[in-house]
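Spelled out, the chains give:
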Amino acid sequence: MSRQTGNHFEVLAQRGNSWTILGIFDEEPEAIEAAKAGRIAGGFGAVKVMRERFDESSGTFTSRKVFSQGEPRRRSKSDDGSVTIVPCSRMIDFYTADGRSTIGRLLNEELSRLGLTVSEVLHNPDNLSLVQKDINAVQRAVQRAAIAQVKETGQSVTERAKELLALIDTATEKLNTDWETGRIPSFEPATFDTMIDRLEDRPDRSYLLSSAMVGHLRGTKSMREKAGRILSLVSAYHPSWVVQVADTLLGDLLSGVSVLKEFLGDQQNRGTALVQLADMSRGCFSGNGPTVPDDVRALNHMINEDVLPQAQNALKTRFVHELNSPRRLNDASLLEELGSLGRVIDHLRREDGSLIGGFELREVLKNRCSRYLNPDSIGECLRDAEDPGDRIHTLLWIEPYIVGAENKRRLVNYILPILASPDNETFFVEQNGTVVQRLQRLVVLQRQVIKSGFQEVHKRKMAGRLDDFCARVLEENEFFQRLNQQNEPPVEKGIKMLKMCASGCFTAGTSSKKARKETVRYLKSDGFLDAYLADAADDTARADMLMDFHKLLSQAGIAKDLAI
């Protein structure tokens, strides 16, 4: 029977269709209480507690659910999750952020084919007519909206669809009338500010300005050209209502799938493009310095001034969508792929190390990272690793780029079997270079483990295993006994050991404790300090040697063990 140790308990909560880890605990009652409290505080639909048990013989974890509360969400076959429920009862509801978002999702294929945004359709009768020519598409959109909305209203689908169609007819008639009667002002760029002044006191100024600016986009084809026209008109110094109109139009434009290519150009390395898109969404895009185009510079400046929240959110949404794509970030090896992901993550970090973007971004990052943690991908990463040490080093190099506690635990499950293998233990203890080289390599690996973002229970397990190897190297090679038998004065042996401790030649744990104990034994021998200072030419040299000696004591962690 295998020996099992190292239990811990993970608290997970469900938001939408995804589970996220709220915390990790050593005791089951504490984890269950945290799950109950977390469900209430976070408004989660369901929570559960998983007992994770480490099997020392196989070096793997097994999971078992020990507590659950709430009803986990299961997506209905008829619910594709793509329609935001917006109960539209007035024409103005079409123009709200939720209304425009719903229209955009319902007519996504048609708008993409025509190269139009929702705002362009809502504010220009010619554009609206192009969409309405596809009667089947409009009817499908109305049907889907009705099905989604009656879940909240309790109406029949047919009744709700008739109401929506009547509302669309009314909005269409009004839009046509406004343009035919000249209510929508026309302008040239030179008269833009004059037009704004004329609209300033109108209650429907935002609607009129939006329609006028959409009209100004006639003749443009690409998203980049349309955005450029808007950005050439509006600045952060215009009245806030004017900037809000521009922000709405830009937000719709920047939601398109072409934003990455049109603003950043064709790039072979998608990782680089995503880094630049992340920077644009934060208003800190630098590009190539003076060569940054005027429209990109203007957009970046206004986002940095916090006056374009909808445009900024559109870029963030596009970034999340691109990051969630199954496409590789580059065409090189998987290690290069992870390096590209690491650079993207670095551009999303705040100064305190946390990630911007909130829950949705973290979920996307976790999902993307999980794709790299299957046996085939890990095998590709380790393909060029020459020995067990290289394999562990490579997996530890990957760790900072892996987001999510569950993903990090999966990565641990690739490292622990390497450390648990008897053949690999023989390699680390007997075959990995000279004795000193073996010690140094174990120290490097242990430092990587300790510095990593793994859970403490995992770090303790891996660091302890590496320390066991180090202790065996010392014991089987009689390291301290051989040093003691060398034909050298005790002071030289003591200083040699002190320097080794100070430079970190022993792993933290049993090995370093044993090394420090041996060092202190030398340093406390009779006449050690006098012998150490015997070669000092004068008092100044003696003082310098004492200073260096105390510095070594501090670095070795044994200053408190001596009264020198």
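A quick note: this is a predicted structure, and the numbers were derived from the prediction, not measured.

**Points about the overall build of the chain**
Counting its regular elements, the chain contains 28 helices and four strands. By the burial criterion, 46% of the 564 residues in the chain qualify as buried. When contacts within the chain are restricted to residue pairs at least 6 apart in sequence, long-range pairs at least 24 apart make up 64% of them. For the chain, the computed accessible surface area is about 29,100 Å², with 48% contributed by carbon and sulfur atoms.

**Digging into the side chain of D295**
Mapping D295 onto the fold places it in helix 14 (residues 294-304). Leaving out residues up to four positions away in the same chain, D295 has contacts with R224, G228, L231 and F263.

**Looking at the pattern of salt bridges**
Using the criterion set out here, one finds 29 salt bridges in the structure. A salt bridge links R183 to D178; its shortest N-O distance comes to 2.9 Å. The salt bridge partner of K496 is E488, with a shortest N-O separation of 3.4 Å. Under the relative-accessibility criterion, K496 is labelled partly exposed at 32%. Members of the salt-bridge network, linked through shared partners, are K174, D178, R183, R202 and D204.

**Points about unusual backbone geometry**
Of note in this structure, D306 is not a glycine but carries a positive phi near 60°. Inspection of the secondary structure puts D306 in the loop between helix 14 and helix 15 (309-324). According to the relative accessible area criterion, D306 is exposed, its value standing at 63%. Residues other than glycine seldom take positive phi values, yet E478 does so here, at roughly 45°. Its place among the elements puts E478 in the loop between helix 23 (456-476) and helix 24 (479-485).

**Some remarks on the packing of aromatic side chains**
Enumeration over the complete set of coordinates arrives at ten aromatic pairs. Where W397 meets Y401, the ring centres are 5.3 Å apart and the plane angle is 90°; that geometry is what we call edge-to-face. Chaining the aromatic ring pairs together yields one cluster made of F427, F428 and F469. It is R521 that lies over the ring of Y522; its NZ or CZ is 4.8 Å from the centre.

**Concerning helix 14**
All of the buried residues along helix 14 are D295, V296, L299, N300, M302 and I303. On an axial view of helix 14, the arc spanned by its buried residues comes to 165°, and they lie on one face. Buried-residue contacts for helix 14 involve helix 10 (223-233), helix 11 (240-254), helix 12 (259-264), helix 13 (270-282) and helix 15. Directly beyond the C-terminal end of helix 14, a positive phi value near 60° is found at D306.

**Looking at empty space enclosed by the protein**
Under the criterion given, the structure shown has two cavities of 30 Å³ or more. What the largest cavity holds in volume is close to 460 Å³. What lines the largest cavity is a set of 24 residues, and nearest its centre among them are F94, I103, L107, L122 and I168. Those elements giving two or more residues to the lining of the largest cavity turn out to be helix 2 (97-106), helix 4 (118-122), helix 5 (125-132), helix 6 (135-153) and helix 7 (157-180). Approximately 30 Å³ is the volume attributed to the second largest cavity. Lining the second largest cavity, in full, are T117, S119, E120, V214, L217, I230, L249 and L253. Taken together, the elements giving at least two residues each to the lining of the second largest cavity come down to helix 4 and helix 11.

**Overview of the confidence of the model for the chain**
When pLDDT is averaged along the chain, the result is 85, and 90% of the positions lie at 70 or above. Scored below 50 in pLDDT, residues 75-85 makes 16 contacts in the model with residues more than four places away or belonging to other chains.

About the criteria used
Residues numbered from 1 in each chain as written. Predicted model: local features only at pLDDT ≥ 70, side-chain atom pairs only at ≥ 80, totals over all residues. Heavy atoms only, no water. Helix = DSSP H or I, 4+ residues; strand = E, 2+ residues; numbered from the N terminus. Buried < 20%, exposed > 50% of the residue type's maximum accessible area, 1.4 Å probe, protein only. Contact = heavy atoms within 4.5 Å. Areas by Shrake-Rupley, 256 points an atom, 1.4 Å probe, with all protein chains shown as cover. Salt bridge = Lys/Arg side-chain N within 4 Å of Asp/Glu carboxyl O. Phe/Tyr/Trp six-rings, centres within 6.5 Å; stacked < 30°, edge-to-face > 60°. Lys NZ or Arg CZ within 6 Å of the ring centre and 35° of its normal. Arc of directions from axis to C-beta. 1 Å grid on protein atoms, 1.4 Å probe; cavity = no way out; pocket = protein on both sides within 12 Å on 5 of 7 lines; lining within 4 Å. Points joined across faces, edges and corners; volume = space filled by probe spheres on them. pLDDT = per-residue confidence, 0-100.

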